[in-house]
Amino acid sequence: GNSVTQMEGPVTLSEEAFLTINCTYTATGYPSLFWYVQYPGEGLQLLLKATKADDKGSNKGFEATYRKETTSFHLEKGSVQVSDSAVYFCALNRDDKIIFGKGTRLHILP
Amino acid sequence: DTGVSQNPRHKITKRGQNVTFRCDPISEHNRLYWYRQTLGQGPEFLTYFQNEAQLEKSRLLSDRFSAERPKGSFSTLEIQRTEQGDSAMYLCASSPPGQLNTEAFFGQGTRLTVV
């Protein structure tokens, strides 16, 4: 079946550090890929998405590229801020069923 | 606010009681999802509606769980004879008609505690 695997956290970085959170997926056909973010005390929000191979999604300085050859959708940001502290979920949508990874908690230290 | 609305936000119930949660999706969104999230885990798919039709139901969903969307607008999720293992955050999401495999918009969730 379809599934998403993402790196386990927590990930702790200093402010202005470079961030990578790895995500790989297993799916039949061509799913859409997403990163959602959950800030403390808030609901899930879409951070970025990509709908086909080689698409790059970007938002708020975060980027992820849909790599079909490696079935990956790694999240990156060049310079993190304290306000980026949250839980990040990689997800796919195939046949209108959205499957999530387990989430990666990110702590940014000032 | 025109986002996905869930009620109640919190529910504490005694084991064995029945509970019902309501979800109001974004207006004109024809697809509606229910998920369950426990601490430290990602959301787990429970069930999915397109308009009033329930198209898929997870094998994780026991017979004690039932969901409805009678008029293709709001939805309810009922849990009968609650167990402590049902304690979790129940999330509702909706997505618009048209493009397949699109993103879903989530509500704030209903946190259920079974004591």
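Refer to the preceding data block for the structure.
Fair warning: this is a prediction, and the values are worked out from it, not measured in the lab.

Caption draft 1: Layout of the pairing of strand 4 (residues 31-37) of chain B. Residue and element names in this part refer to chain B. In terms of residue burial, strand 4 counts as a mostly covered element, since seven of its seven residues are buried. Between strand 4 and strand 5 (residues 44-50), which pair antiparallel one after the other, the connecting turn spans six residues, and Gly 40 there sits at a positive phi close to 80°. As judged from the seven bridges shared by strand 4 and strand 9 (residues 88-95), these two strands associate in the antiparallel manner. Bridging from a neighbouring strand, Arg 36 pairs with Tyr 90 of strand 9.

Caption draft 2: Structural context of the sheet that holds strand 9 (residues 75-77) of chain A. All names here are of chain A. Pairing is antiparallel across the open sheet formed by four strands, whose spatial order is 3-9-8-7. Strands at the two margins of the open sheet, each flanked by one partner only, are strand 3 (19-21) and strand 7 (56-59). Taken over all neighbouring pairs, the strand axes of this sheet differ in orientation by 15° on average, direction set aside. Direction of pairing for strand 3 relative to strand 9: antiparallel, over a ladder of three bridges. When the bridges of strand 9 are listed, Leu 19 appears paired with Lys 77.

Caption draft 3: Representation of the sheet that holds strand 1 (residues 5-7) of chain B. Residues and elements named next belong to chain B. In space, the four strands of this open sheet follow the order 1-3-8-7, with antiparallel pairing throughout. With one partner strand each, in any of the chains shown, strand 1 and strand 7 (65-68) form the two edges of the open sheet. The sheet shows a mean angle of 15° between the axes of neighbouring strands, taken without regard to direction. Here four bridges tie strand 7 to strand 8 (residues 75-79), and the two strands are oriented antiparallel to one another. When the bridges of strand 8 are listed, Glu 68 appears paired with Thr 76.

Caption draft 4: Examining the packing of aromatic side chains more closely. Here the structure, examined in full by the defined rule, presents 14 aromatic pairs over all chains. Between the aromatic rings of Tyr 25 of chain A and Tyr 66 of chain A, the centroid separation amounts to 6.1 Å while the plane-to-plane angle is 80°, which identifies the pairing as edge-to-face. On the criterion of sequence distance, the pair formed by Tyr 25 of chain A in strand 4 (residues 23-26) and Tyr 66 of chain A in the loop between strand 8 (62-65) and strand 9 is long-range, its members being 41 residues apart. Tyr 25 of chain A sits in the buried class, given a relative accessible area of 5%. Tyr 66 of chain A sits in the buried class, given a relative accessible area of 0%. Between Phe 62 of chain A and Tyr 88 of chain A, the aromatic rings sit 5.6 Å apart at their centres with planes inclined by 40°, giving tilted as the arrangement. Of the two residues, Phe 62 of chain A sits in strand 8 while Tyr 88 of chain A sits in strand 10 (residues 86-94), which places them 26 residues apart along the sequence. An aromatic cluster is defined as three or more aromatic residues linked by ring pairs; in this entry it consists of Phe 34, Tyr 36, Phe 89 and Phe 100 of chain A together with Tyr 33, Tyr 35, Phe 45, Tyr 48 and Phe 106 of chain B.

The rules we used
- Residues numbered from 1 in each chain as written.
- Chains lettered and ligands numbered in written order.
- Predicted model: local features only at pLDDT ≥ 70, side-chain atom pairs only at ≥ 80, totals over all residues.
- Heavy atoms only, no water.
- Buried < 20%, exposed > 50% of the residue type's maximum accessible area, 1.4 Å probe, protein only.
- Helix = DSSP H or I, 4+ residues; strand = E, 2+ residues; numbered from the N terminus.
- Pairing = 2+ DSSP bridges.
- Axes fitted to C-alpha atoms, helices over the stretch in contact; angles between N-to-C directions.
- Phe/Tyr/Trp six-rings, centres within 6.5 Å; stacked < 30°, edge-to-face > 60°.

Nothing here speaks to function; it is geometry throughout.
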